Amino acid sequence: MLDTIVVGAGIAGLTAARLLHAAGQRVVVLEARDRVGGRMWTDRTAGFSVDRGASWIHGLTDNPLTDIVAELGLETVEFTVGSFQAGGRPIADHDESRRRFDRAATAQWLADVETADALFLDTIAGSGDDESYADAAERTLARTGWDAERADRVRVFYRHRTEEQCGAEIEQVAAHALDEDAIDGDEVIFPGGYDAVPRAFADGLDIRLNTTVTAVDRSASGVRVTTDGGEFEAARAIVTVPLGVLKAGAIAFTPALPDTVAGPIARLGMGAFNKVFLRFPERFWPDDVYAIRQHGRPSLPWHSWYDVSAVSGHPMLLTFAGGDLARAIEQQSDEEIVASVLDALRGIHGDAVPAPVAHWITRWASDPLALGSYSYVATGSSHADHDAMATPVDGALHFAGEATYGHEPATVHGALLSGHRAAEHILGAPVPLAELTRGLHPAG
Ligand SMILES: Cc1cc2nc3c(=O)[nH]c(=O)nc-3n(C[C@H](O)[C@H](O)[C@H](O)COP(=O)(O)OP(=O)(O)OC[C@H]3O[C@@H](n4cnc5c(N)ncnc54)[C@H](O)[C@@H]3O)c2cc1C
C-alpha cells in the first residue's frame, strides 16, 4: 500500500510530496489537469512567458522562495508593485481630471495612505470578525477630517485593495483580512515564467496527470481515494485542491468532515481575480514608471496598468480585475473586455493608445479546478480559520494549500509552507526546507 496520496499538483501538493518522498515514503500525486503547477501557470505559446496565475514573489525577505529560486538558478526581475502598493516605486498617478500628479501631489498621496493605514489599524484594534473592511474604512476616514475628494481617493484605493488582494468587494471582506499582508523586501517576477518552480519540484515524483479525484473515504486502516481513472489506497491523504473546489463539494468526503475543518471551508471566502495582458505595437507610456494609475471615481472599473515588458521583451501592460468585475468579465467576450480596458486607458493617454496586437485574459472563477483565484478572510471569518483547515482529521486526512495558511494565504509561499507543514505533521518531525531542492539542477 502507498504511504501517502497527495491530491493536487500545485505548489502545496508538490512540496508535501517532495518532502515525504525524500523521507522515504511511497507517494502518488493525483492531478486533474494535464500539467503540474495549478495556479502557477506560464503560457509560452507566443514564444515568451505570460504568467496567467502567480507572477510575483511578494517580498524576498524571510521568504523560502528566495533561496529556492537561487538554488534553481532562475532569472528574476525586480518589480516591487505587485501587492497594490500606493508607491515605493515610480507610478504615473493620475487625478480625477486625468492629469498626472506632480511631485508634491505624489508625496501628499503617499502621506495620506500612510496616515489612513495607521489610523485603520488603530480603528480595527478592537474589531471582531463581523466588521467589514468597508465599515472599518468608513470609520477610519471619518477620523481624518479630510475634504470629500481627498477622503474619496483613499476610499476608492481601499476598494481596489480588497479587489486585488482578496479578489472580493470591500463589503465582503473582514476588517482584519489584510492584517497579515505586510511585504518584506523587494518583489520580483520571472522572465522565464514562474511555473519553472513547480515544474522543477515535480522531478522524480510519481504524478498521475488527467486524474480527477471525486471521493475520499477514510477508515481506521487508511484512505481510499476514488478518481475517474480508478481507486487508490494509502495510509493517508493530503488534499490540496483550491478552496473553491472544496466549497463546491466536488470531492465527497466519507465520513463527513468535522466542523473544525468544514466550518472554515464554509466561512472563508474564495475570491476572483483575473489578469488582462495587452501587447502593443509600440510603447506610448513614460519610460521611467512601473505602473500607470487612475485615482478617484474615474478609476472604476480599470485603474492600474503594470509595465511587464521586461518579461516578454515586447511593449506590454498588465491590468487586473478583482471581485465583481473579475466575475463579470468572465461572461464577456475577449473583444468586449479589451475594448473596455482600452477605453479607460485612452481616458488617460488619448489617441496615443494604439490597438493592441495581442491579448491574454484569464477566467479563474469559471475554471472548474480552481473556482476562484485565492482565498480571503470574509466577514464572519478569521485568519485562524485558515489554519484550522489544516487540522489533521482522524490521523488519515490532511489539508494543505494557500487557503490553509493563515500567516500568508493567497500566495505561493503560503501554499508552499502549508505543504511543508503537512509533511511535518505526517513525519512527526521537523523537515528542513532545503530538502526541496536537494538533487535538483540549476536551470541551464
Ligand atoms: C491570477 C492569479 C494571480 C496570482 N498572483 C500571485 C502572485 O503574483 N504571487 C503569489 O505569491 N501568489 C499569487 N497568486 C496565488 C497563488 O497562485 C496561489 O496561492 C498558489 O499557486 C496556490 O497553490 P496551491 O498548491 O494551494 O493550489 P493550486 O495551485 O490550485 O493546486 C491545486 C491543484 O489541485 C488540482 N485539482 C483541483 N481539483 C482536483 C480534483 N478534483 N482532483 C485532482 N486534482 C484537482 C488543480 O488542478 C491544481 O493543480 C495568484 C493567483 C491567481 C489565480
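Data block above holds the structure.
This section reports on the structure supplied with the text. (Residues numbered from 1 in each chain as written. Predicted model: local features only at pLDDT ≥ 70, side-chain atom pairs only at ≥ 80, totals over all residues. Heavy atoms only, no water.)

A few points about the pattern of salt bridges
No. 1: A complete count under the given rule lists 30 salt bridges for this structure.
No. 2: In this structure, R39 and E402 form a salt bridge, with 2.9 Å as the shortest nitrogen-oxygen distance. With R39 in the loop between β2 (27-30) and β3 (42-43) and E402 in the loop between β20 (397-399) and α13 (412-427), this residue pair connects regions lying 363 residues apart in the sequence.
No. 3: Overall, the relative accessible area of 21% leaves R39 in the partly exposed class.
No. 4: Connected via shared salt-bridge partners are E138, D152, R155 and R297. (Salt bridge = Lys/Arg side-chain N within 4 Å of Asp/Glu carboxyl O. Helix = DSSP H or I, 4+ residues; strand = E, 2+ residues; numbered from the N terminus. Buried < 20%, exposed > 50% of the residue type's maximum accessible area, 1.4 Å probe, protein only.)

Brief notes about the site of the ligand
No. 1: Near the ligand there are 39 residues, and of these E31, R33, R39, W56 and V412 occur at the shortest range.
No. 2: Take H58: an N or O atom from its side chain is 3.2 Å from a nitrogen atom of the ligand.
No. 3: Relative to its unbound accessible area of 1000 Å², the ligand is 98% covered by the protein chains.
No. 4: Listing elements by their share of the shell around the ligand, those giving two or more residues are α1 (11-22) and α13.
No. 5: Taken together, the residues that form the shell around the ligand break down as 21 nonpolar, 13 polar and five charged. (Near = heavy atom within 4 Å. Polar contact = N/O pair within 3.5 Å; in protein donor to acceptor, adjacent residues only side chain to side chain. Areas by Shrake-Rupley, 256 points an atom, 1.4 Å probe, with all protein chains shown as cover. Nonpolar A, V, L, I, M, F, W, Y, C, P; charged D, E, K, R; others polar.)

A short note on the nonpolar core
No. 1: Judged by nonpolar contacts, the single largest core of 48 residues is most densely connected at Y158 and Y306.
No. 2: Of all the secondary structure elements, the ones that give two or more residues to this core are α3 (103-124), α4 (133-142), α5 (148-166), β14 (273-279), β17 (316-322) and β19 (374-376).
No. 3: Apart from residues no more than four positions distant in its own chain, Y158 is found in contact with V113, A116, D117, F120, Y133, A137 and I170.
No. 4: Listed in part, the 41 residues of the second largest apolar core include A9, A12, V69 and A415. (Core = buried A, V, L, I, M, F, W, Y, C linked by side-chain atoms within 4.5 Å. Contact = heavy atoms within 4.5 Å.)

Section: the layout of surface pockets
To find leftover empty space, one rolls a probe the size of a water molecule over the atoms.
No. 1: Its boundaries defined by the atoms lining it, the second largest pocket holds a volume of some 540 Å³.
No. 2: Lining the second largest pocket are 23 residues, with V113, D117, R161, D181 and A182 positioned closest to its centre.
No. 3: With eight residues, α3 is the largest single contributor of residues to the lining of the second largest pocket.
No. 4: A class-by-class count of the residues in the lining of the second largest pocket yields 14 nonpolar, four polar and five charged. (1 Å grid on protein atoms, 1.4 Å probe; cavity = no way out; pocket = protein on both sides within 12 Å on 5 of 7 lines; lining within 4 Å. Points joined across faces, edges and corners; volume = space filled by probe spheres on them.)

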